[in-house]
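# Understanding the architecture of this molecule
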Amino acid sequence: MVKQLAIVILLSLIAISCKTNPPTSPEDSTPQLGKAFITANISDAEIWLDNTNTGQVTPDTIETTVGSHTFTLKKADYLDASQIVDIVQDSILSLNITMTEITETGRIFVNSNADGAQIFIDQVNTGKVTPDTILATPGMHEIELMRAFYNSSTQQVEVFKDSLINLDIVLQEIPPSNVVLIEDFANVSCVPCVTSNKIIESLTNVRYGHSKLVAIKYPTNFPSPNDPFYLANTTDCNSRISYYNVFFAPTTVVDGIERPISTDSLSVMAAVDLRLTKLLQFRMDVSSSVVGTEYLITVTVKVLNGAGIDFSNTVLQTVVTETDIEFATPPGSNGETKFYDVMRVMLPSNAGQSLSGMSQTEEVVFQNQTSINSNWVVENLHVVAFIQNTITKEVYQSSSTFD
């Protein structure tokens, strides 16, 4: 009986310590970037890439990711002009766009029940927000409004020469709700991590959905110091490992304060269900866009109930993650070839951004950006943002760019 017990204990220690062989590092992928030299029949036209202002004007060269992109030129007294092109890796595409001077226009005064909504005309961002007046050529146009915490709304309008049309668009507010955050610490050579990873993937995508649950996977340097995800950003990984005093993988932390058994789905679900009942004190909206080789992120934070919150000890954390990362062969020794929600970088740093000074009803917009690493797949990037008390470690609210 003693001998059998010793064997059980030995097997348990092996599983917990995840003692395995070091992984084989994947080959570095080549940069997936190309360039476009943009000219026009006029100079100093703003160059917009995929509905985002690049801050550059014609003539100039734009570097961006490989694939299909929409370039739009904007200038006062000229019609916006757009063209869709395919960017090819390591090449320079010469693109000349003809802009038409506005000779006949009408005006549209766009108003809504929510000030500050972005105004789009025919799916192009005008750069203006409600309430404001925009110019348009005679004919039918599609006006769309987009604002944080509201569903977008579209309306067709017919414009006549020298006319002024008053357009009032009602936006429906999205009801606020709690979103729980799972922070999971794993390693490509940790055997129990295979189970915990499957549990988290199922909970975020199937049982709860991203409207209730989001996840961030922080790679560790144990049991193997050669985890390629850990080596890609040791600074931010070490920061979160130290912050939570993580000593083994897998370790799962729910909303900063609950530590369920990582390999027990019922334990993890119980922690998530508990946190879904927390007092709703913030609401958040996260959006992102790609401009050239830069990943731009906007996080809007609104205080709903600041009772009991010490804002001097509260920060906004913004994390870029990559999902659906797949290898032809396992990068570690636990056999996994596909990985989800892997932390790539924390912005502007792992210290977060202080919310000190926010009022009880204030709405604040935070903007960050990072250069796109050539090893990242842009289509698989997402942003997870969360508000955390740096002392108690409690996460009050989370949000993401997942649909």
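Let me begin by describing the structure that accompanies this report. (Residues numbered from 1 in each chain as written. Predicted model: local features only at pLDDT ≥ 70, side-chain atom pairs only at ≥ 80, totals over all residues. Heavy atoms only, no water.)

### Brief notes about the sheet that holds strand S7 (residues 92-97)
Read across the sheet, 3 strands follow the order S4-S1-S7 without closing on themselves; strand pairing throughout is mixed. Looking at the sheet topology across the chains shown, the edges are occupied by strand S4 (60-65) and S7. Taken pair by pair, the neighbouring strands of this sheet meet at an average axis angle of 30°, ignoring direction. Here 6 bridges tie strand S1 (residues 33-40) to S7, and the two strands are oriented parallel to one another. Its bridge partner being in S7, phenylalanine 37 is matched across the sheet by serine 94. (Pairing = 2+ DSSP bridges. Helix = DSSP H or I, 4+ residues; strand = E, 2+ residues; numbered from the N terminus. Axes fitted to C-alpha atoms, helices over the stretch in contact; angles between N-to-C directions.)

### Overview of helix H2 (residues 192-207)
Here H2 spans 21 Å end to end across 16 residues, near enough to the 22 Å set by a 1.5 Å rise per residue. Remark: glycine 209 follows H2 within two positions and exhibits a positive phi of approximately 85°. (Expected span 1.5 Å × (residues − 1).)

### Focus on the side chain of threonine 321
Counting through the fold element by element, threonine 321 comes out in strand S20 (residues 314-322). Here threonine 321 falls in the buried class, since its relative accessible area comes to 0%. (Buried < 20%, exposed > 50% of the residue type's maximum accessible area, 1.4 Å probe, protein only.)

### Points about the pattern of salt bridges
Once the charged atoms of two side chains with opposite charge are near each other, the side chains can pair. Following the criterion strictly, the structure yields 10 salt bridges and no others. Here glutamate 363 and arginine 147 are joined by a salt bridge, their closest N and O atoms 3.2 Å apart. Of this pair, glutamate 363 sits in strand S25 (residues 363-371) while arginine 147 sits in the loop between strand S12 (139-146) and strand S13 (153-159), and the two are 216 residues apart along the sequence. For glutamate 363, a relative accessible area of 31% translates into the label partly exposed. The residue arginine 275 makes a salt bridge to aspartate 255 at a minimum N-O spacing of 2.8 Å. On the criterion of sequence distance, the pair formed by arginine 275 in helix H5 (residues 265-276) and aspartate 255 in the loop between strand S17 (251-254) and H5 is long-range, its members being 20 residues apart. Under the relative-accessibility criterion, arginine 275 is labelled buried at 8%. Look at the salt bridges and you will find they share partners, linking Asp255, Arg275, Lys278 and Glu394 into a network. (Salt bridge = Lys/Arg side-chain N within 4 Å of Asp/Glu carboxyl O.)

### Notes on the state of the cysteines
Under the criterion given, the structure shown has 1 disulfide. Here cysteine 190 pairs with cysteine 193 through a disulfide, and the sulfurs are 2.3 Å apart. Measuring the twist about the S-S bond at about 90°, one finds the cysteine 190-cysteine 193 disulfide to be right-handed. Both residues of the pair, cysteine 190 and cysteine 193, count as buried. You can see cysteine 237 has no disulfide; the closest cysteine sulfur is in cysteine 193, sitting 13 Å from it. (Disulfide = S-S within 2.5 Å.)

### Overview of the environment of cysteine 190
Assignment of secondary structure puts cysteine 190 in the loop between strand S15 (180-186) and H2. Taking relative accessible area as the criterion, cysteine 190 reaches 0% and is therefore assigned buried. As for cysteine 190 and threonine 126, which are separated by 64 residues in sequence, their C-alpha atoms are 50 Å apart.

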